[in-house]
Amino acid sequence: MSHIARDEEVEIDEGEAEIAFYQGGGMELEDIVREQILLALPMQRVCSEACKGICPVCGKNRNEVACDCTVEGADDRWGALRKLEL
């Protein structure tokens, strides 16, 4: 990337989105981790603890109608980190 725009908005492609800048011997992961956590959070909170929510597959209100949809397991690439003790 020979020119970095300073005053105007520019669109970046997928390859440019993966570019990271760092100083010294490593890179700051705080922003990356924060972004991934925010992306993993539900987009809308449930109305109460007893609320069953809306089916992510068919969109039916689970409080009113039972559906037979199955949801695939989540990607667990980060599962090993949960086992680490702080």
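What counts as what
- Residues numbered from 1 in each chain as written.
- Predicted model: local features only at pLDDT ≥ 70, side-chain atom pairs only at ≥ 80, totals over all residues.
- Heavy atoms only, no water.
- Helix = DSSP H or I, 4+ residues; strand = E, 2+ residues; numbered from the N terminus.
- Buried < 20%, exposed > 50% of the residue type's maximum accessible area, 1.4 Å probe, protein only.
- Areas by Shrake-Rupley, 256 points an atom, 1.4 Å probe, with all protein chains shown as cover.
- Salt bridge = Lys/Arg side-chain N within 4 Å of Asp/Glu carboxyl O.
- Patch = residues over 30% accessible without salt bridge, like charges linked within 9 Å, V, L, I, M, F, W, Y side chains within 5 Å.

Structural notes on the overall build of the protein chain
Item 1. In terms of regular secondary structure, the protein chain is built from three helices and zero strands.
Item 2. For the protein chain, the sequential pattern of α-helices and β-strands runs α-α-α.
Item 3. The buried share of the protein chain, reckoned over its 86 residues, is 5%.
Item 4. For the protein chain, the exposed surface amounts to about 9200 Å²; the carbon and sulfur share of it is 52%.

Here's the deal with the pattern of salt bridges
Item 1. Considering all chains together, one arrives at two salt bridges under this definition.
Item 2. For Arg-34, the salt bridge identified is with Asp-31, shortest N-O distance 3.0 Å. Of this pair, Arg-34 and Asp-31 both sit in helix α2 (residues 30–40), three residues apart, which is roughly one turn of that helix.
Item 3. We classify Asp-31 as exposed; its relative accessible area is 55%.

Looking at a nonpolar patch on the surface
Item 1. On the surface, a nonpolar cluster with roughly 780 Å² of combined accessible area is contributed by Tyr-22, Met-27, Leu-29, Ile-32, Val-33, Ile-37, Leu-38 and Leu-41.
Item 2. Relative to the assigned elements, Leu-41 resides in the loop between α2 and α3 (79–82).

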